[in-house]
Amino acid sequence: MPNSFFNFKQFAIRHDKCAMKVGTDGVLLGAWATVLPEMPTAQNEPAEVDPAYPSDDKSSSDDAVFSVLDIGTGTGLIAMMIAQRNNSAKIDAIDIDRDACIQAIENIEKSPFRNRIKVIHQSLANYSTEKKYDLIISNPPFFNNSLKSPDEKRNVARHNVSLSLKELIERAIPMLSENGRIALILPIQLSKELDFIITTHKLYITRRTDVIPVEGAQPKRVLIEISAKNAYKQEIKTETLTLATKNRKRTEPYQKLTDRFYL
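Residues numbered from 1 in each chain as written. Predicted model: local features only at pLDDT ≥ 70, side-chain atom pairs only at ≥ 80, totals over all residues. Heavy atoms only, no water.

Undergrad: Report on the side chain of glutamine 84, specifying residues and quantitative values.
TA: For glutamine 84, the location among the structural elements is in helix α2 (residues 77-85). Look at glutamine 84 and you get buried, because its relative accessible area is 3%. Among the polar contacts made by the side chain of glutamine 84, one reaches the main-chain carbonyl oxygen of arginine 260 at a distance of 3.1 Å. (Helix = DSSP H or I, 4+ residues; strand = E, 2+ residues; numbered from the N terminus. Buried < 20%, exposed > 50% of the residue type's maximum accessible area, 1.4 Å probe, protein only. Polar contact = N/O pair within 3.5 Å; in protein donor to acceptor, adjacent residues only side chain to side chain.)

See below:
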């Protein structure tokens, strides 16, 4: 039986009430997403300068709020990862599932970030706000080709039974700030659908990383950020991230990305 909790360096996650447990996808997205209001200077910066990793330093201005909406927060994992990475982040974390919200509140209340994360029991379809967000982030329930579970709550958490990719993006766009981004992790099979949505809605890819589970395998996931504004004025190259070597050890890039979280 899996553990009912998962310890990170600065916080702990209990996930016994949630349909979806702590997993690699959520950790990847929380560690990878851009967490500063300003845009990174270039896609091909040297390896030692990581635009997605700017920020545990204490120099962030309290006046420069970085507003975040976490859609489908579940345990609150991604919300807390963003809060850890940006000291000025203030996060609204919504979820359609009541038990998930209860669990997220419990986890966040025991964390150093409890004053900067607000959990809201609400579906995205019914969520209404005048706020504009610098980052809208989601590890969304899109596993179209996987078998459904007999557990209806798990189906809602894992499948697009309550929210399609198109609906998520269309509802998120009006809530973005001027330079705001939508950050997602998706099955690679949804790449074509995503590309079609981006084209038809005249959006722009600002970052993309294809995730390879083990050396020699094909990508299984895509990490992507999109914006309504063309910040780079140039084509963004797709990067790759391999998680494990052939002998199942974490690769150096994966270790570097997640080092401040994993024990």
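Undergrad: An account of the sheet that holds strand β5 (residues 117-121) is needed here, citing residue identities and associated values.
TA: In a beta sheet, neighbouring strands are held together by backbone hydrogen bonds and run either parallel or antiparallel to one another. The strand order across the open sheet built from eight strands is β5-β4-β3-β6-β7-β9-β8-β10, with neighbouring strands paired in mixed fashion. Two strands lie at the open edges of the sheet, namely β5 and β10 (239-244), each paired on one side alone. Pairs of neighbouring strands in the sheet enclose a mean axial angle of 15°, with direction left out of account. Pairing of strand β6 (residues 133-138) with strand β7 (residues 176-187), which is carried by five bridges, proceeds in the parallel orientation. Pairing of serine 138 across the sheet is with leucine 184, part of β7. The sheet strands contacting helix α1 (residues 24-32) are β6, β7, β8 (204-214), β9 (221-227) and β10, and the helix crosses β9 at an angle near 35°. (Pairing = 2+ DSSP bridges. Axes fitted to C-alpha atoms, helices over the stretch in contact; angles between N-to-C directions. Contact = heavy atoms within 4.5 Å.)

Undergrad: How would you explain unusual backbone geometry if you had to name every residue and give the values?
TA: For lysine 202, which is not glycine, the phi torsion reads 55° and is therefore positive. Summarising the element assignment, lysine 202 is placed in the loop between α6 (191-200) and β8. The phi dihedral of arginine 248 falls on the positive side, at around 70°, and the residue is not glycine. Secondary-structure assignment places arginine 248 in the loop between β10 and α7 (252-258).

Undergrad: Now, about helix α3 (residues 98-109): what can you tell me, with residues and values included?
TA: Taking 1.5 Å per residue as the helical rise, α3 with its twelve residues ought to reach 16 Å, and the 17 Å between its terminal C-alpha atoms agrees with that figure. Residues Ala100, Cys101, Gln103, Ala104, Asn107 and Ile108 constitute the buried set of α3. All buried residues of α3 lie within an arc of 165° about the axis, which places them on one face of the element. If you follow the buried residues of α3, they end up packed against β2 (12-14), α2, β4 (89-95) and β5. Capping the start of α3, aspartate 97 holds a side-chain oxygen 3.3 Å from the backbone nitrogen of aspartate 99, two or three residues further along. (Expected span 1.5 Å × (residues − 1). Arc of directions from axis to C-beta.)

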